[in-house]
Amino acid sequence: MHELGLTPIWRKKQSGVSTSVNTNLHSTIAIDDSDDHRFDRDKHILNLNWQQLKAEVENCHACPLSQARLHTVFGVGDEQADWLFIGEGPGAREDEIGEPFVGQAGKLLDSMLAAIQLKRGSNVYITNIVKCRPPNNRNPEFNEAEQCSPYLKRQIALIKPKLIIALGKVAAQNLLTTNDSISNLRGRLHYYSDIPLIVTYHPAYLLRSLMDKSKAWEDLCFAKATMESLK
Ligand code: URA
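Everything in this summary refers to the structure shown in the same document. (Residues numbered from 1 in each chain as written. Predicted model: local features only at pLDDT ≥ 70, side-chain atom pairs only at ≥ 80, totals over all residues.)

Another point: the overall build of the protein chain. From N to C terminus, the protein chain includes nine helices and eight strands. Out of the 231 residues in the protein chain, the part that is buried amounts to 37%. (Helix = DSSP H or I, 4+ residues; strand = E, 2+ residues; numbered from the N terminus. Buried ≥ 20, exposed ≤ 12 C-beta atoms within 10 Å, placed from the backbone.)

Around the ligand sit G87, E88, G89, P90, G91, E94, P100, F101, A105, N128 and A204, and that is every residue in its neighbourhood. Taken together, the residues of the shell around the ligand break down into five nonpolar, four polar and two charged. (Near = placed C-beta within 6 Å. Nonpolar A, V, L, I, M, F, W, Y, C, P; charged D, E, K, R; others polar.)

Among the structural elements, P140 can be located in the loop between β5 (124–128) and α5 (142–159). Note on P140: 23 C-beta atoms within 10 Å, which makes it buried. Spatially, the C-alpha atom of P140 lies 8.4 Å from that of I129, the residues being eleven residues apart in sequence.

Next up on the list: the sheet that holds strand β7 (residues 190–192). Ordered by their spatial adjacency, six strands build an open sheet running β3-β5-β4-β6-β8-β7, and the pairing between neighbours is mixed. The sheet is open, and its two edges are formed by β3 (76–77) and β7, each paired on a single side. Alignment of strand β6 (residues 163–167) against strand β8 (residues 195–200), held across four bridges, turns out to be parallel. Directly across from L167, in β8, lies its bridge partner T200. (Pairing = 2+ DSSP bridges.)

The subject of this paragraph is unusual backbone geometry. One non-glycine residue, Q117, adopts positive backbone phi at about 60°. With respect to the element layout, Q117 can be found in the loop between α4 (104–115) and β5. The class of Q117 is exposed, set by 7 C-beta atoms lying within 10 Å. One non-glycine residue, N137, lies in the positive phi region at around 60°. With respect to the helices, strands and loops of the structure, N137 is situated in the loop between β5 and α5.

With five of five residues buried, strand β4 (residues 83–87) is to be regarded as a mostly interior element. Covered by surrounding structure in β4 are W83, F85 and G87 together with L84 and I86, the residues of both alternating faces. Examined bridge by bridge, β4 and β5 share five bridges and lie parallel to one another. Of the residues in β5, the one forming a bridge with L84 is Y125. Of the strand pairs in this sheet, β4 and β6 are connected by four bridges, and their pairing is parallel.

On to the environment of Q155, then. On the secondary structure map, Q155 appears in helix α5. A C-alpha to C-alpha distance of 9.3 Å links Q155 and N49, two positions 106 residues apart in sequence. Not counting residues up to four positions away in its chain, the partners in contact with Q155 are G75 and T127. (Contact = placed C-beta atoms within 7 Å.)

An α-helix turns once per 3.6 residues; consequently, residues spaced three or four apart project the same way. In terms of burial, helix α6 (residues 169–176) is largely enclosed, as seven of its eight residues are buried. When we look at burial in α6, the residues that qualify are K169, V170, A171, A172, Q173, N174 and L175. For α6, the secondary structure elements touched by its buried residues are β4, α5, β6, α7 (182–185), β7 and β8. Downstream of α6 by a residue or two, T177 has a phi angle that is positive, lying close to 40°.

Written out as structure tokens, the structure is:
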């Protein structure tokens, strides 16, 4: 528990052949938003192996986020992990380095992992809803998360985790396709397809809201007990 700094007290989118998107990033790119294109793209991605998937993400220009990125941030860890942690999207440091959760929030995530005897890279995989940094660390927009979702879907299919931990509201809402609040979503077991999923606070939020660290600790204990029951 001390790893967490706790003391013992306690729209369906409109379909069209081609949509022009103003990126707010100094240029305009064309995205084929037709249902046919999306179907073909999803099907293509869902058949890729790890190497092909990594290359596809590295070369992705499916949404405006690709225009300002320094690096794509694919994910890191054990590709056959039982534990899959999913955050929201890369921040500045992650964009520079190309690895998820390497900034301050990442340090806290490592401590959260340590609190339940886990370690980055060892039976743990970490990734995000979107693989490119949203400008000024804003939340990913619907279209950005949607364009990135086949990559995450394929990562999950390849990893076959026993348990998914959604870190924060953006991850939870996208994975569970809900607008429900994090306080309503945490504390119970959900499913992503047939994979058990638990929601907890995002480490960056916990850095600002120390009072909720004890709730995150409860979530981690719940996750640990859930994993035990799955073995
Ligand atoms: N926040 C996230 O959600 N993901 C990262 O990779 C870093 C910070």
